[in-house]
Amino acid sequence: MFRFVIINLIRQDLSSMSFEEIMKLKEELGAKLYKEAILGIEKQKNSGNQKNAKDLKRLNKNRPREQSSKRPVPFLGTELRGKSKKALQLRDPRFDERAGNYDVNKFKENYKFVSNIREIEILQLKSELNSVTDQEGKDRIKKAMQRLTNKNVEESKWHKKQETLKEEQQEIQKAIAEGKQPHYLTKKERKAKELVAQFEELKKRGKLTKHLEKRRKKNITKDRKKMGFCDMNKK
């Protein structure tokens, strides 16, 4: 309180003092009290802090808070600012060694149930086909059914091929255990064996005649192309 009274008295006599008297007063009071009394620095400083604190407040809770330009900028890691930590932790397990090696046999066995899902979808498309009247919609449904059927056929072929290879491996191991010379199938023998198994499967499903007719037409088309190619060469 006494300090405040002295400051007010000094300010009242300031208008009647010369420049030399002011400089002498500054030496007697000291720089801090002089600035506070004569220039009002402390008051301006306090008002500035209040103004900055008010300016840094958010106008809306959804807006970002304004930061002071006096805040030091970190020297390292500037390129990482603005990126979320979650985005930096994302990784693709297909190309990450930490996810392990890809085992096609294990993958096929684990997702074998997808074939059953396709069968259910085919039945649903069949029922939808009966209710569709326009030809474009029917063609679209038929293509979807054929695509699902082809995928199931390919999956079935793969599993049967793996079963055949497993049986061959067992026969080889059995022959070795009995002290006999094992027979390793050549590519030609394996191809013939696969064709026999395919014909047996088609005969069992009643589609052998249709398959043979389709192959006959395909061979005729192939022969015609060859004949046409030969005629062009002669000309």
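The numbers attached to residues start from 1 for each chain and follow its sequence in the written order. Local features in a predicted model are, by the rule used here, given only for residues with pLDDT of at least 70; side-chain atom pairs are given and counted only at 80 or more, and totals for whole chains, interfaces and linings are based on all residues. Note that water and hydrogens are dropped before the side-chain values are worked out from all heavy atoms of the structure.

Participant: Quick rundown of helix H9 (residues 187–205)? Include the residues and the values.
Facilitator: End to end, H9 covers 27 Å across 19 residues, agreeing with the expected 27 Å (1.5 Å per residue, within 8%). Each helix is a run of DSSP H or I of at least 4 residues and each strand a run of E of at least 2, with the numbering of both proceeding from the N terminus. Just downstream of H9, Gly206 is the residue with a positive phi angle, here 75°. Any helix carries an expected span of 1.5 Å times its number of residues minus one.

Participant: Could you give an account of a negative patch on the surface, naming the residues involved and the relevant values?
Facilitator: Side chains of Glu109, Glu163, Glu167 and Glu171 sit close together on the surface and give a patch of like negative charge. The greatest single-element share of the negative patch, amounting to three residues, is contributed by helix H8 (residues 135–177). Structurally, Glu171 can be placed in helix H8. A relative accessible area of 53% means that Glu171 is categorised as exposed. Each patch is built from residues lacking any salt bridge and having more than 30% relative accessible area; the joining distance is 9 Å for like charges and 5 Å for nonpolar side chains (Val, Leu, Ile, Met, Phe, Trp, Tyr). Computed with a 1.4 Å probe, the accessible areas rest on the Shrake-Rupley method; for each residue, only the protein chains presented here act as cover. What counts as a salt bridge is simple: a side-chain nitrogen of Lys or Arg found within 4 Å of a carboxyl oxygen of Asp or Glu. Positive residues here are Lys and Arg, negative ones are Asp and Glu, while His and the chain termini are left out of the count. A charged residue contributes its charge at one atom only: NZ of Lys, CZ of Arg, CG of Asp or CD of Glu. Partly exposed describes any residue whose relative accessible area lies between the buried limit of under 20% and the exposed limit of over 50%, with all areas from a 1.4 Å probe on protein chains only and scaled to the type maximum.

Participant: Break down the packing of helix H7 (residues 114–131) against H8 for me, citing the residues and quoting the values.
Facilitator: Describing two packed helices takes the angle between their axes plus the distance from one axis to the other. Interaxial distance between H7 and H8 falls to 10 Å at its minimum, and their mutual angle equals 160°. Compared by their axis directions, H7 and H8 come out roughly antiparallel. Helix-helix and strand crossings are classified by hand; for H7 and H8 the assignment is left-handed. Of the residues in H8, those in contact with Ser115, Arg118, Glu119, Glu121, Ile122, Leu125, Lys126, Glu128 and Leu129 of H7 are Lys138, Arg140, Ile141, Lys142, Ala144, Met145, Leu148, Thr149, Lys151, Asn152 and Glu155. Fitted lines through C-alpha atoms give the axes, limited to the stretch in contact for helices. The angle between two N-to-C directions lies from 0 to 180 degrees. In what follows, roughly perpendicular refers to angles from 65 to 115 degrees, roughly parallel to angles under 35, roughly antiparallel to angles over 145, and oblique to any angle outside these ranges. Each helix crossing is assigned a hand: it is left-handed if the near helix lies turned anticlockwise from the far helix by less than a right angle, otherwise right-handed if that turn is clockwise. Working rule for contacts: check all heavy atoms of both residues, and any pair within 4.5 Å makes them a contact.

Participant: Break down the environment of Ile122 for me, citing the residues and quoting the values.
Facilitator: Take Ile122: it is sitting in helix H7. A residue is classified by how much of its surface remains accessible, and Ile122, at 8% relative accessible area, is buried. Residues Ile122 and Ala144, 22 residues apart in the sequence, show an inter-C-alpha distance of 8.3 Å. The contact partners of Ile122, leaving out residues within four places of it in the chain, are Met145, Leu148, Thr149 and Asn152.

Participant: Outline the pattern of salt bridges, supporting the account with residue identities and numerical values.
Facilitator: In total, this model carries four salt bridges according to the counting rule given. Here Arg190 makes a salt bridge to Glu168, at a shortest N to O gap of 2.9 Å. Of the two residues, Arg190 is situated in helix H9 and Glu168 in helix H8; the sequence distance between them amounts to 22 residues. When the shortest N-O distance is used, the salt bridge between Lys180 and Glu178 registers 3.3 Å. What makes Glu178 partly exposed here is its relative accessible area of 46%.

Participant: Can you lay out a positive patch on the surface for me, pointing to particular residues and giving the numbers?
Facilitator: Taken together, the side chains of Lys126, Lys157, Lys161, Lys191, Arg205, Lys207, Lys210, Lys214, Arg215, Lys218, Lys222 and Lys226 make up a positively charged region of the molecular surface. Of all the secondary-structure elements, those providing two or more residues to the positive patch are H8, H9 and helix H10 (208–234). Ranked by residue count, the leading element in the positive patch is H10, at six residues. The exposure class assigned to Lys222 is partly exposed, which follows from its relative accessible area of 43%.

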